[in-house]
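Summary of the model geometry
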Amino acid sequence: MRNYFYDHIFLAQLSFQGWAFCCYQFFVKKIIIISLLFFRALFGEEDSTIVYRLNDVVVTGTRSPVAVEKLSSTVQIADSVLIAQSNGTSIADVLSSISGVSLRNYGGTAALQSISLRGMGSDYSLILINGQRFTTFQTNTVDVGIFSLLDVDRIEVAAGGNSSLYGTDAVGGVVNIITKKPTGKTTGTFAGSVGSFGMNSYQFSGGGGNEQMSLLASVRNERGRNDYEFYFSDGINRYKLQRMGSDYLLSNYSISARSMFDTLAVSMITLRYSNADRGQPDAVTSNYQNNLARINDKDLILNIVTDIELSNEWTVSFPISIYNKHQTYRNPNIITNGSPVSSFYENNNISFTPLFQISMSSDHMLNAGWDIAVASISSNEVHSARREQFSGFISSQNIFHIPYEIIMYPSVRYDSFSDTEGALSPKIGINIGILDQPLLRFRSSYGKNYRVPTFNDLYWIGGGNLSLKPEHSKNYDIGVIAGCNDEFASVLVEVNYFAINATDKIVWQPIAGNMWLPKNLQSVSSKGVEISAKVNILKNILTIQYHQNFVQAIKTSSDYSGDETENKILAFVPQETSTFILGSSFSGISMNIIYSITGYRYETANNNPRFILPTFDKVDVNLSYGFTLHSMSVRFKIEANNIFNNDYQMISGYPMPLKNYMMTSEISFY
Amino acid sequence: MRQTITVLFSISILVGCRMNDPIAPVQENPVVIKGVYILNEGGFTKSNASLTVYVPDSNTVYPDVFSAANNRSLGDVANDIVIHNNKAYIVVNNSHKIEIISTETHKSLGTIQVPGNSPFKIVILNDSKGYFTNLYKNSVTAFNPTSYAIIKENIPVGLNPQGITAANGKIFVCNSGYGFDSTVSVIDPNIDTVVATIKVGKSPADISVDSDGEIIVLCNGYSDFSNSSNDTPGSIFIIDPKSYTVTSTILLPLATYGHPNELAISNKGYGFTVVNSGILKFDTKSNSIISSLFISKTSYSIAVDNVSERIYLGDARDFASNGKIYVYEKNAVLKDSITTGIIPGTIIFKQ
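Description of the structure in this document. (Residues numbered from 1 in each chain as written. Chains lettered and ligands numbered in written order. Predicted model: local features only at pLDDT ≥ 70, side-chain atom pairs only at ≥ 80, totals over all residues. Heavy atoms only, no water.)

1. Some points on unusual backbone geometry
Where we set the bar: Strands here are runs of E lasting at least two residues and helices are runs of H or I lasting at least four, both read from the DSSP assignment and numbered beginning at the N terminus.
Between Ile 402 of chain A and Pro 403 of chain A the backbone carries a cis peptide bond, its omega angle lying at -20°. Relative to the helices and strands, Pro 403 of chain A resides in the loop between strand S22 (385-401) and strand S23 (405-417). At the junction of Gln 437 of chain A and Pro 438 of chain A, the peptide bond is cis and its omega measures out at 0° in the coordinates. Even without being a glycine, Asn 642 of chain A presents a positive backbone phi close to 50°. Residue placement: Asn 642 of chain A occurs in the loop between strand S36 (632-641) and strand S37 (649-651). A positive phi angle, near 50°, is found at Ser 47 of chain B, a position not held by glycine.

2. Considerations on the side chain of Ser 251 of chain A
All names here are of chain A. Stated precisely, the cut-off is as follows: Each residue's exposure class comes from its accessible area (1.4 Å probe, protein chains only) as a fraction of the maximum for that residue type: buried when under 20%, exposed when over 50%, partly exposed otherwise. Contacts are assigned to residue pairs that have any heavy atoms within 4.5 Å of one another.
If you trace the backbone, Ser 251 turns up in strand S15 (residues 248-262). Judged by its relative accessible area of 8%, Ser 251 falls in the buried class. Once you skip the residues sitting within four places of it in the chain, Ser 251 turns out to touch Arg 220, Asn 221, Tyr 273, Ser 274 and Asn 275.

3. Considering the pairing of strand S32 (residues 589-598) of chain A
Residue and element names in this part refer to chain A. In plain terms, the rule: A strand pair is defined by DSSP finding two or more bridges across the two strands.
The element S32 is largely enclosed, with a buried count of 8 among its 10 residues. With 10 bridges joining them, strand S31 (residues 576-586) and S32 adopt antiparallel strand pairing. The partner of Thr 579 across the bridge, within S32, is Ser 596. What sits between S31 and S32 in their antiparallel hairpin is a turn of 2 residues, with Ser 587 showing a positive phi close to 45°. Across 10 bridges, the pairing between S32 and strand S35 (residues 616-629) is antiparallel. For Ser 596, the partnering residue across the bridge sits in S35 and is Lys 618.

4. A few points about the packing of aromatic side chains
Using the following cut-off: In this scheme Phe, Tyr and Trp rings, the latter by its six-membered ring, pair at centre separations within 6.5 Å, and the angle between planes marks the pair as stacked below 30 degrees, edge-to-face above 60, and tilted otherwise. Either the NZ atom of lysine or the CZ atom of arginine qualifies as a charge over a ring when it sits within 6 Å of the ring centre and within 35 degrees of the ring normal.
Throughout the structure, instances matching the rule amount to 27 aromatic pairs over all chains. Residues Phe 137 of chain A and Phe 455 of chain A carry aromatic rings whose centres are separated by 6.1 Å and whose planes lie at 55° to one another, so their mutual orientation is tilted. You can see Phe 137 of chain A sitting in the loop between strand S7 (132-133) and strand S8 (152-159) and its partner Phe 455 of chain A sitting in helix H7 (residues 455-459), a full 318 residues away along the chain. The class of Phe 455 of chain A is buried, set by a relative accessible area of 1%. Judged by centre distance (6.1 Å) and plane angle (70°), the ring pair of Phe 172 of chain B and Tyr 244 of chain B falls under edge-to-face. On the criterion of sequence distance, the pair formed by Phe 172 of chain B in strand S13 (residues 170-175) and Tyr 244 of chain B in the loop between strand S18 (234-240) and strand S19 (245-252) is long-range, its members being 72 residues apart. Among the residues examined, Tyr 244 of chain B registers a relative accessible area of 22% and is labelled partly exposed. Stacked on the ring of Phe 120 of chain B, the Lys or Arg Lys 121 of chain B has its end atom at 5.4 Å from the ring centre. The cationic tip of Lys 297 of chain B hangs over the ring face of Tyr 326 of chain B; the distance from NZ or CZ to the ring centre is 4.5 Å.

5. Here we look at the pairing of S19 of chain B
Remember that side chains alternate between the two faces of the sheet whenever the strand is regular. All names here are of chain B. Where S18 meets S19, 7 bridges bridge the pair, whose relative direction is antiparallel. Counterpart to Asp 240 in the pairing with S19 is Thr 245. In this structure, the hairpin formed by S18 and S19 is closed by a connection of 4 residues, where Tyr 244 is found at a positive phi of approximately 55°.

6. Considerations on the pattern of salt bridges
The condition that has to hold: Within this document, salt bridges are pairs made up of a side-chain nitrogen of Lys or Arg and a carboxyl oxygen of Asp or Glu, the two lying within 4 Å of each other.
Counting across every chain of the model gives 39 salt bridges over all chains. Across the pair Arg 272 of chain A and Asp 151 of chain A runs a salt bridge whose closest N-O atoms are separated by 2.9 Å. You can see Arg 272 of chain A sitting in strand S16 (residues 265-279) and its partner Asp 151 of chain A sitting in the loop between S7 and S8, a full 121 residues away along the chain. Across the salt bridge formed by Lys 97 of chain B and Glu 99 of chain B, the nearest N and O atoms sit 2.9 Å from each other. Across the pair, exposure class does not vary: Lys 97 of chain B and Glu 99 of chain B are buried alike.

7. Examining the sheet that holds strand S23 (residues 288-295) of chain B
All names here are of chain B. This is how it is decided: In this analysis an axis means a line fitted to C-alpha atoms, helices contributing only their contacting stretch, and an angle means the value between N-to-C directions, from 0 to 180 degrees.
With respect to topology, 4 strands assemble into an open sheet ordered S20-S21-S22-S23, the strand pairing being antiparallel. In this open sheet, the two edge strands, each paired with only one partner strand, are strand S20 (261-265) and S23. Each strand of the sheet is rotated relative to its neighbour by a mean of 25°, with strand direction disregarded. Sheet topology note: the S20/strand S21 (residues 270-275) ladder contains 4 bridges and is antiparallel. Along S21, the bridge assignment pairs Ala 264 with Phe 272.

So yeah, pure geometry; function would need other evidence.
Following this line, the structure appears as structure tokens:
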């Protein structure tokens with residue numbers, strides 16, 4: 001890691017001026033923090049809702065529950081605390097606060113938002129819902145901006161390669177969205193929000209039942225004009241314009257039923273439906289806008305899971321997932337083949353993923369399972385196709401005490417596909433516990449990962465290439481996790497170094513006759529350091545979450561003789577991102593300040609310094625107050641985003657909103 | 001407590017440490033007496049179009065004279081450029097504008113904003129009349145090249161008009177329809193109305209005037225991406241600008257040539273088009289093929305210098321990084337290559 005810092009350009013580009021300027025900004029913002037502390041000192045009363053634990057348990061890292069500090073690579077968690085601390089209503093708003101995640105937003109609420117993990121593109125992250133694949137085979141990219149937080153319990157982000165557990169696409173990492181489960185308690189929550197640019201929403205969720213049979217249902221509707229103001233400069237004049245044709249209507253419905261047959265067998269069935277209808281404005285390239293394009297996504301997901309505890313040693317799980325995604329896109333402004341563009345894409349996926357867990361002793365555990373899936377696409381842009389998948393995987397957790405606690409995580413998975421080449425994905429991980437209190441553990445992992453060609457790559461009408469093979473990568477990471485608890489504060493710090501070397505990257509290339517064809521062409525190397533810290537001072541007098549990522553994602557191959565993009569940084573991948581969340585909670589009042597910085601991004605593959613998206617920073621804040629009256633609790637929350645009115649873009653041509661607000665009222669019965 | 005303070009201090013240091021944004025180097029802006037202007041489209045929605053100047057006499061390349069002279073980007077997707085009276089008229093399609101610059105200083109002299117239109121190809125008839133096609137509006141706009149005023153915003157023509165040229169005092173417009181049209185519209189500049197429509201091959205896209213004053217139209221042919229057996233071949237149509245009749249046709253069979261693109265006409269009696277495997281040369285007097293593979297290299301754009309007779313091939317490479325221009329002697333021997341901006345789409349000569 002030392003060599004990494006000294007050999008690469010990061011520190012070489014640091015300057016005293018930049019440091020001084022940033023410190024100035026930082027310390028100005030610290031005045032806000034000091035004010036918060038003062039406020040807290042005046043009304044000081046402890047609130048126990050925010051406590052950082054050193055032993056959060058996650059399931060995404062191994063497919064079974066393991067304490068986060070004992071894994072062989074990092075898993076970041078967006079739990080109910082972080083979700084409450086964040087602004088916004090979609091999982092994109094929460095994911096942007098997680099270490100290692102880089103968000104690409106094409107223009108405010110409901111615009112396309114995709115995530116990039118560890119410098120890899122948005123199609124190198126696998127998105128799961130309750131451990132089941134949500135990423136379709138058509139594009140490998142999920143629009144996280146339209147995924148509501150309505151029934152989300154927490155999100156786990158396992159950065160780094162995880163094909164040995166989850167198969168294709170888990171190259172940059174895996175995002176597992178874990179939904180709320182029926183508990184049997186009788187509850188009801190109604191919430192309504194109003195915000196800038198005509199935003200308004202309402203949601204209801206309620207549940208009940210008993211220990212044997214319980215139900216949870218949720219409904220949410222959100223709409224908005226999204227006609228925010230932004231700046232556009234053509235080099236001569238700077239215009240203040242208003243976004244056009246970006247209105248949206250998002251509807252989400254979910255219902256879950258949980259049944260416990262006896263204490264050893266539990267079944268849960270969940271049905272989720274969402275409908276996202278929104279305008280899809282073009283990139284802003286002049287002071288004129290005429291946006292008529294619209295996109296609609298309808299997602300229907302049925303999950304049925306049965307968990308059976310056969311004995312103290314044996315547990316089995318039988319998840320079945322049925323997923324239908326129907327997407328349409330219409331753009332009257334683009335006429336091809338004599339008529340306006342009007343496309344539809346119908347994706348279907350059925351999967352069955354039985355998992356067997358065997359606890360051979362308290363120190364040795366084995367997971368084994370298989371993944372049987374059938375996926376298909378029907379579209380007027382893509383040839384109809386069907387993909388059958390047969391996969392098997394096995395992983396284990398082995399603890400040794402020699403004399404430190406050493407945990408080994410070997411795992412391997414083989415995937416075969418009916419329409420394209422399969423892959424074998426082994427991985428080995430290790431975690432070494434040096435100290436328990438204060439906590440100090442080292443960890444490392446190495447694995448092979450892959451990504452199969454998408455349906456678009458293989459079957460796009462007039463461009464698909466049936467001879468494509470999977471992309472492969474080798475992922476390495478090494479890290480340290482340290483923490484301490486005392487009466488003054490609890491601190492948890494993680495530092496990770498990672499390297500991803502990907503080969504056979506599929507790139508669409510021009511061929512004769514102005515046609516384009518995807519080819520296994522490029523190699524990419526992504527290396528970086530992730531630093532995260534969580535601090536809780538004097539039992540919530542002040543909480544701090546801090547993430548800083550340095551990434552250098554480089555194209556290492558030459559596509560042709562004299563290729564000037566060789567060894568250049570990938571376009572739109574920031575080399576530096578950081579997030580700083582300050583929170584305080586007392587007497588039912590919570591306040592959070594979210595400060596984020598995204599470094600400059602090259603817009604061109606040859607890294608022309610004339611064409612960059614400059615560094616931007618942004619401050620969001622929220623203030624909430626809640627109280628309880630008998631069996632009812634009431635909460636009000638006010639959110640303000642981009643309070644310093646910064647003009648910025650994540651993707652060129654797609655300006656983001658200036659200062660904006662949202663206010664939410666929530667009443668819960670229990 | 002000391003540990004926590006150390007962590008907090010370290011965090012404040014890290015937050016303060018930020019990488020500086022790169023600074024673009026200052027570019028040179030030459031005074032060009034004679035040279036080759038290469039218009040680089042730039043990436044779609046990236047607003048990084050540029051204007052490269054190559055001076056063959058000194059073998060010097062100036063990567064982007066527009067931004068060097070005006071300290072701003074040219075805009076988004078620059079599709080065409082013509083020179084008239086020491087002014088260059090540059091069509092910037094996705095910025096919805098025509099940028100006018102001096103060919104001596106490269107300073108901007110004015111901008112014709114056409115919001116709602118999609119300007120694509122341009123022709124200057126005289127000091128008081130110019131025309132450009134609107135690709136997605138099925139129309140042509142008339143403007144004044146001296147005052148930069150719009151004269152008539154939308155003259156209706158056929159589907160997806162692309163190439164445009166002037167001959168015999170009339171304006172001729174290729175209605176490509178991307179394969180769904182096969183006509184050339186004739187506009188009378190006196191009344192700015194279509195006065196005739198000429199039937200040609202499918203997808204007429206490029207148009208020029210040869211040394212005999214005849215109009216040469218390149219038709220791409222129809223492409224059916226879902227079923228290539230429905231494709232129709234490309235062709236070259238020769239039109240008499242006085243009678244508006246097709247006088248000759250050169251058929252380009254699909255199996256041999258694929259779908260031809262781009263047209264370059266010399267005043268020495270020959271022309272070129274880009275086919276599957278390279279450059280096809282044809283005779284504009286006899287209207288016949290001279291060489292079916294004159295240069296065995298395909299290209300994104302092509303131009304021929306009327307004085308030196310050198311052939312310039314624009315290579316867009318991966319459409320994401322800087323392109324190349326390959327310069328060939330008139331006998332098809334490669335002479336030189338130069339680096340351009342992103343997607344060199346149009347090449348013209350200042351003699």
